[in-house]
Number of protein chains: 2
Amino acid sequence: MSTPRPGGRSARVVASVHRAVVDLISRGDLDITISAVAHEAGVNPTSIYRRWGTRDQLVLDATAAHLRRNSSTPDTGSLRGDLLDWIADVEHNLGTPEGRALLRTLTTADDSPGHARDVLRHFGDITTVLDRAGQRQENPPTPDQVLDRILAPLTLRTLFDLPVPEGYGRHLVEGLLASASKVPEQPDPVAGHI
Amino acid sequence: MSTPRPGGRSARVVASVHRAVVDLISRGDLDITISAVAHEAGVNPTSIYRRWGTRDQLVLDATAAHLRRNSSTPDTGSLRGDLLDWIADVEHNLGTPEGRALLRTLTTADDSPGHARDVLRHFGDITTVLDRAGQRQENPPTPDQVLDRILAPLTLRTLFDLPVPEGYGRHLVEGLLASASKVPEQPDPVAGHI
């Protein structure tokens, strides 16, 4: 898919189609069709098929764009500060009915390994945060550890409507940083493979 | 919902309706309707509405019953042994296309807080395992810690089709046990609330 010129007609179509997808999902329509999106956006279904190909590609693209717009890449000067800023953003995004509905849609939108991982990256550019911490010799966790220890518990509680208490994101970040600061007691046979 | 007599007509209806739900979901129909289930099970839709009330209640009940049938409550004599047996079962269940489809359906089936947590319990009677470990003075983790540290990473990877390497469940169990065996470095402000 080519990137449309900002402000051109093509960019306006992309923006209105993206907004239609997010609006429909936010209103509870988890099983949206291309014709429903076309109707909501006021564009021809053919334009949608031509640009996005399939319904799942459209949902993934629109959801990823929405998450990107709502995520920042914090740069506070310390790993702890960056992770705390980042998780506050993620908690805020997932805490809305819209965020929860988008997350649920993501988990059913595509079966191709790798696609969802690409989308996960749009919860914020966490890789840049970890790279910068490495340059500062802060011994940062791996992206997989951030996924497993911080993002997974938060998203699972969001998906299943379990309680997310005040300060829960901070609790997850501190837990990961505390275990990273300890000397490992035994070699980890899996760490090299995930 | 009253429990049907085993072997009676009512029990046969429940079994065939449950099987129809699991079969339809396993074949990729994530947005099943009561009429589709009635057709697949060969029963009258009215019987389904009378017993289950709504489509979401039916899906939750059928999915929970299926997970219960596929889960055991290990009793190896040690917390580590029990957790390793349990996570092997969970990995096996979630590793099939059927298990992945059921998990995805669960996350979109109901918005009522508490319902999904009841279903999570059917990943195996993990509470009994933890209680027994407590009686043996093994200082077991809390159910919330098991959810966050073991079940969440595994289910998130399953939902998003991320790789689940061989030995991953064991890796999660050992990580949780290792951090439980350390003296906490600071009071945990959230632990009492989750």
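Residues numbered from 1 in each chain as written. Chains lettered and ligands numbered in written order. Predicted model: local features only at pLDDT ≥ 70, side-chain atom pairs only at ≥ 80, totals over all residues. Heavy atoms only, no water.

Looking up chain A in an unreviewed UniProt entry gives the name TetR/AcrR family transcriptional regulator, with the organism given as Prauserella endophytica.

For the rest of this paragraph, the subject is the overall build of chain A. A count of helical and extended segments in chain A gives 10 helices and 0 strands. Listing each helix as α and each strand as β along chain A from the N terminus yields α-α-α-α-α-α-α-α-α-α. Within chain A, counting contacts between residues at least 6 apart in sequence, those at least 24 apart form 67% of the total. Working note: accessible area of chain A is about 9,500 Å², and carbon and sulfur atoms make up 50% of it. (Helix = DSSP H or I, 4+ residues; strand = E, 2+ residues; numbered from the N terminus. Contact = heavy atoms within 4.5 Å. Areas by Shrake-Rupley, 256 points an atom, 1.4 Å probe, with all protein chains shown as cover.)

In this numbering, the UniProt entry assigns the feature "DNA-binding region" (unreviewed entry) to residues 33–52 of chain A. For residues 33–52 of chain A, the end-to-end C-alpha separation is 13 Å, with 80% helix and 0% strand making up the annotated structure. (UniProt positions renumbered as here; feature names shortened; annotations may be inferred.)

For the rest of this paragraph, the subject is unusual backbone geometry. The backbone of A:Asn139 sits at a positive phi, close to 50°, despite the residue not being glycine. Phi angles above zero are rare outside glycine, and B:Asp161 is one such case at about 55°. Position of B:Asp161 among the secondary structure elements: in the loop between helix H9 (143–159) and helix H10 (168–180). Relative accessible area serves as the criterion here: at 12%, B:Asp161 is assigned to the buried category. (Buried < 20%, exposed > 50% of the residue type's maximum accessible area, 1.4 Å probe, protein only.)

Attention now goes to the packing of helix H5 (residues 79–94) of chain B against H10(B). All names here are of chain B. In the contact formed by H5 and H10, the axes pass within 9 Å of each other and the chain directions differ by 145°. For the crossing formed where H5 meets H10, the hand is right-handed. Contacts between H5 and H10 involve Leu-79, Arg-80, Leu-83, Leu-84, Ile-87 and Glu-91 on the former and, on the latter, Tyr-168, Gly-169, Arg-170, Val-173, Glu-174 and Leu-177. Class assignment of the residues belonging to the contact of H5 with H10 gives a composition of 7 nonpolar, 1 polar and 4 charged. (Axes fitted to C-alpha atoms, helices over the stretch in contact; angles between N-to-C directions. Left-handed = near helix turned anticlockwise from the far one by under 90°. Nonpolar A, V, L, I, M, F, W, Y, C, P; charged D, E, K, R; others polar.)

Moving on to empty space enclosed by the protein. All names here are of chain B. By the definition in use, this model includes 1 cavity of 30 Å³ or more. Of the voids in this model, the largest cavity is the one considered here, and its volume is about 30 Å³. Lining the largest cavity, in full, are Thr-63, Leu-67, Leu-94, Gly-99, Leu-102, Leu-103, Leu-106 and Phe-123. Those elements that provide at least two residues to the lining of the largest cavity are helix H4 (55–69) and helix H6 (97–109). Sort the elements by how many residues they give to the lining of the largest cavity and H6 lands first, with 4 residues. Here the lining of the largest cavity is built from residues that sort into 6 nonpolar, 2 polar and no charged. (1 Å grid on protein atoms, 1.4 Å probe; cavity = no way out; pocket = protein on both sides within 12 Å on 5 of 7 lines; lining within 4 Å. Points joined across faces, edges and corners; volume = space filled by probe spheres on them.)

Moving on, we come to the packing of aromatic side chains. According to the stated counting rule, one finds 0 aromatic pairs over all chains in the structure shown. Stacked on the ring of B:Trp52, the Lys or Arg B:Arg51 has its end atom at 5.9 Å from the ring centre. (Phe/Tyr/Trp six-rings, centres within 6.5 Å; stacked < 30°, edge-to-face > 60°. Lys NZ or Arg CZ within 6 Å of the ring centre and 35° of its normal.)

In this model H5(B) runs 22 Å from its N-terminal to its C-terminal C-alpha over 16 residues, within 8% of the 22 Å that 1.5 Å per residue would give. Looking only at H5(B), the buried set comprises B:Leu79, B:Gly81, B:Asp82, B:Leu83, B:Leu84, B:Trp86, B:Ile87, B:Val90, B:Asn93 and B:Leu94. (Expected span 1.5 Å × (residues − 1).)

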